[in-house]
Amino acid sequence: MEKIEKTVLVTGGAGFIGNHVVRRLVNKYPNYRVVNLDVLSYAGNLENVKDVERESNYDFVRADITDLEEIRGVFTTYAPDVVIHLAAESHVDRSIEDPLIFVKTNLLGTATMLQVAKESWKDNYEGKLFYHVSTDEVYGSLGETGFFVEETPYDPRSPYSASKAGSDHLVRAWGHTFGLPIVLSNCSNNYGPYQFPEKLLPLFINNIKLNKSLPVYGKGVNVRDWLYVEDHARAIDDIMHKGKQGETYNIGGHNEYRNIDLIRLLCKLMDKKLGRPEGASEGLITYVTDRAGHDMRYAIDATKLKEDLGWMPSLQFEEGLAKTIDWYLDNEEWMTGVTSGAYQTYYEKMYG
Ligand code: NAD
Ligand code: DAU
């Protein structure tokens, strides 16, 4: 590459959202050096960033955000100006099975990133930014009405959301106490290509394809607000470049669905794509024991992001869902790769 204008360190860039952020930055900003830092846990996969791995402004480093010395080494080697911190344990069901890894990665890992950024930037924060990517789950659970706004008090209720809430507090503490330049965003449920098939949509797309049962938790009446992942990556780009330091931005799709309605729509679209008789896939729906502590409804009010930075979701949901289904059906090899080995043990344990 010619002249490096900025070095952006993306943590968790081999995961679901991270790969879309990395791809966008690498392709849109040829003068940025984009460093993808990832430990390659079960959720991290270099296949997700294969299309950018040969770009001259892209680097990958395998490192663990909870390892202070390793992270110090990364900062010494690459001297990042901006950190976009996505690396985390991200699946609620796993946080119920094994909470301690969530506390370690999401709390200690975030504190380690903050501390090394502070040390490395040596209190000279000109042109520096620590951007923390978080979730709407920190706000808790809504009833039938209302929306989460940036001022909604934190009320996390699962080990995952509590560890993410704690990480948000740590970021604000480093901002307040040490003057670290920070910005945060809290986003609703993402969907799209390269999502690990432990999450609802890729899991159900794969099961429908394989004619396996669709395990709907409880009565399927919980509500989520779905956003296409590339729209989230675009929001992150906007906030990184135009967001106000110290601020929080909520990101959402204005696209609420009850799980069961979403699953029925998915079944209908997949019957068409797979050439199955109408209603065939709906027959796979099986109601199973509810998730412990299952939050009823999430819904984001993203007015601030729209009014301050001009961001809006770009895709209609049915269009995004159809694109997503096509991607998983066209990328069978990717799905086979991530569902072999340890995934089978996980699936057995969760769904029997
Ligand atoms: P993901 O599980 O797909 O990816 C997480 C990535 O972090 C993986 O590549 C993994 O290898 C890496 N990682 C895990 N532990 C690490 C460690 N100790 N050191 C270095 N890397 C490590 O998650 P995702 O869905 O892409 O979510 C990314 C971020 O966005 C998370 O912080 C999550 O809380 C947040 N978020 C996710 C959603 C969503 O719907 N998926 C919505 C809002 C916010
Ligand atoms: O809201 C943002 C959050 O969205 C992110 O912070 C998390 O990282 C991300 O995993 C997601 O959390 P959810 O718990 O909402 O996503 P999940 O795909 O696991 O589940 C979506 C809904 O579907 C939820 O109500 C539980 C239900 N579900 C999920 C699975 C995996 C089922 O009914 N059956 C299932 O097998």
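Located above this text is the structure these notes cover.
Residues numbered from 1 in each chain as written. Chains lettered and ligands numbered in written order. Predicted model: local features only at pLDDT ≥ 70, side-chain atom pairs only at ≥ 80, totals over all residues. Heavy atoms only, no water.

Moving on, we come to the packing of aromatic side chains. Using the criterion set out here, one finds 19 aromatic pairs in the structure. Here a set of aromatic residues connected by ring pairs shows up, and it is made of Tyr 42, Phe 196, Tyr 343, Tyr 346, Tyr 347 and Tyr 351. Note that Arg 94 overlies the ring of Tyr 346, its terminal NZ or CZ placed 4.0 Å from the centroid. The ring centre of Tyr 347 lies 4.2 Å from the NZ or CZ of Lys 212, which sits over that ring. (Phe/Tyr/Trp six-rings, centres within 6.5 Å; stacked < 30°, edge-to-face > 60°. Lys NZ or Arg CZ within 6 Å of the ring centre and 35° of its normal.)

As a further point, take the site of ligand 1. Of all residues adjacent to ligand 1, which total 28 residues, the nearest are Ile 17, Asp 38, Ser 90, Tyr 160 and Lys 164. Between ligand 1 and Asp 38, the relevant distance is 2.5 Å, taken from an oxygen atom to a side-chain nitrogen or oxygen of the residue. Taking Gly 44, its main chain carries an N or O atom lying 3.5 Å from an oxygen atom of ligand 1. Computed on the free molecule, ligand 1 has an accessible area of 840 Å², of which 95% lies beneath the protein chains in the complex. Counting residues per element, the ones that place at least two in the shell around ligand 1 are helix 1 (16–28), strand 5 (129–135), helix 5 (159–178) and strand 7 (189–191). When residues of the shell around ligand 1 are assigned to their parent elements, the largest contribution, 3 residues, is made by strand 5. (Near = heavy atom within 4 Å. Polar contact = N/O pair within 3.5 Å; in protein donor to acceptor, adjacent residues only side chain to side chain. Areas by Shrake-Rupley, 256 points an atom, 1.4 Å probe, with all protein chains shown as cover. Helix = DSSP H or I, 4+ residues; strand = E, 2+ residues; numbered from the N terminus.)

Next up on the list: the packing of helix 6 (residues 200–209) against helix 10 (residues 317–330). Contact pair helix 6 / helix 10: the axes reach a minimum separation of 10 Å and the direction vectors enclose 60°. Relative to helix 10, helix 6 is oriented oblique. At the point where helix 6 passes helix 10, the crossing takes the right-handed sense. For the pair formed by helix 6 and helix 10, the contact residues are Leu 201, Pro 202, Ile 205 and Lys 209 on the first element and Leu 321, Thr 324, Ile 325, Tyr 328 and Leu 329 on the second. Classifying every residue of the contact of helix 6 with helix 10 gives 7 nonpolar, 1 polar and 1 charged. (Axes fitted to C-alpha atoms, helices over the stretch in contact; angles between N-to-C directions. Parallel < 35°, antiparallel > 145°, perpendicular 65-115°, else oblique. Left-handed = near helix turned anticlockwise from the far one by under 90°. Contact = heavy atoms within 4.5 Å. Nonpolar A, V, L, I, M, F, W, Y, C, P; charged D, E, K, R; others polar.)

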